[in-house]
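Reading the structure
Listed here are the chains, written in short residue letters.
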Amino acid sequence: MSDIDQDALAAEWGMALEEQGAADAAGGGGWDTVGEDGVSHATIGAKGGAERILNQEEIDNLLGFSIEDLALTDNGGIRAIIDSAMVAYERLPMLDIVFDRLVRLLTTSLRNFTSDNVEVSLDRIHAVRFADYLNSIPLPAILSIFKAEEWDNFGIATVDSSLIYSIIDVLLGGRRGVTAIRVEGRPYTTIEMGLVKRMVEVILADAEAAFRPISPVNFRIDRLETNPRFAAISRPNNAAILVRFRIDMEERGGSIEMLLPYATLEPIRDRLMQTFVGEKLGRDPVWEGHLATEIFQARTQVEAVLYESRYPLRQLMNLKVGDTLMLDMKPDAMVKVRCGDHILTEGRMGRVGDKVAVRVQRPLRRGRTSLAQFEQVSSGGHEA
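What counts and what doesn't
Residues numbered from 1 in each chain as written. Predicted model: local features only at pLDDT ≥ 70, side-chain atom pairs only at ≥ 80, totals over all residues. Heavy atoms only, no water. Helix = DSSP H or I, 4+ residues; strand = E, 2+ residues; numbered from the N terminus. Buried < 20%, exposed > 50% of the residue type's maximum accessible area, 1.4 Å probe, protein only. Salt bridge = Lys/Arg side-chain N within 4 Å of Asp/Glu carboxyl O. Pairing = 2+ DSSP bridges. Axes fitted to C-alpha atoms, helices over the stretch in contact; angles between N-to-C directions.

Residues Leu139 and Pro140 are joined by a peptide bond in cis, for which omega reads 0°. Examined against the element boundaries, Pro140 turns out to sit in the loop between α5 (130-136) and β4 (141-148). The phi angle at Ser115 is positive, at roughly 55°, despite the residue not being glycine. At Asp152, a residue that is not glycine, the phi angle is positive and equals roughly 55°. Within the element layout of this structure, Asp152 appears in the loop between β4 and β5 (153-160). You can call Asp152 exposed: its relative accessible area is 56%.

Structural data, given as structure tokens:
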């Protein structure tokens, strides 16, 4: 092929490439290139390919929640990342046992209180921030602020509107199997507040019984509030334990939530971190007997002190051989028998054969109360 034909063919190819490049720039296309692995790779143009729009399901999965199923227990996506920034609060195993016992007690107590078939179930126990909980309370609701006398701090028992109207309907003789009528947009009356207060008192009494194996406590209602802003018993960022109970009375019912800040549980935190608890809070009588036996068999050293006196250091430094120290005591003076710094008893000095002896004149000191009496006095003081 001549040089003229080659130049013409090259010019023709150059024009074709320029036309293709202009078409790709206008339409966003690109050249298809083949790599060394034999796979075709698309080369995107200057403005890139077409943008892909996410549908609602993909957006919900990305954010970690959906409108249809907004479950607080199943966190994923961005919500899981945000929740991971929360403080990882320590787990208190004994709280599960306490609130399981509270569920059994409430089932019996509320049946007696309402004279109806009541079923109580534990919904969940989790840690929350105090401000987040106040903002999540569905209104209208009644918030009972109670004080733990022995722990010297407060807690909140929140009764939702469904349970309020259900319990009022049951206590005032409403027919069974009829859904309670809600009257929204009005404040609760004195009668309604009084009935709810009586129910909360029953719940707190059972809570005292549930906590008694761990620590004796007395829950006393301080006040009732309907506005969460007036129920500020802790700092907004402080951690708290939230327990939710579901109360069903045939076709009626609702939920009640008990919030206990970590500051309230701090006095018994060590006991709540135990895996299990016995009837005597971990006391082991076998170990106590073994320890008492070893103590009684232990050997100790005692001293018989005839006389003690204090002298200035200058006088001691001036002592010479043959000097006499005067003992300011009588021949029939008592000798003190002591162990370390503790005086055990007193006696009189004598002689037995070739050895100097001390005859005990006073009995050794003994405890004024026995172990059983001490336990009885201690338990009586806690109960008082």
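Read on, since the account is not over.
On to the environment of Phe230, then. In this fold, Phe230 is placed in the loop between β6 (219-225) and β7 (239-249). By relative accessible area, Phe230 is classed as exposed at 52%. On a C-alpha basis, the gap between Phe230 and Leu143 in space is 9.4 Å, while along the polypeptide they are 87 residues apart.

Right, let's talk about the pattern of salt bridges for a bit. One pass over the structure, following the stated rule, counts 15 salt bridges. Across the pair Arg223 and Glu225 runs a salt bridge, and its minimum N-O distance is 3.2 Å. Of the charged contacts in the structure, one is a salt bridge between Arg269 and Glu266, with a shortest N-O distance of 3.5 Å. One network of salt bridges, with partners in common, ties together Asp116, Asp169 and Arg252.

This brings us to the sheet that holds strand β9 (residues 303-305). On the basis of which strands lie adjacent, the open sheet formed by four strands has the order β9-β10-β11-β12 and antiparallel pairing. The sheet is open, and its two borders are formed by β9 and β12 (355-360), each paired with just one other strand. Averaged over all neighbouring strand pairs, the angle between strand axes comes to 45°, with direction disregarded. Where strand β11 (residues 342-352) and β12 come together, six bridges link them in antiparallel fashion. Pairing of Arg351 across the sheet is with Val356, part of β12.

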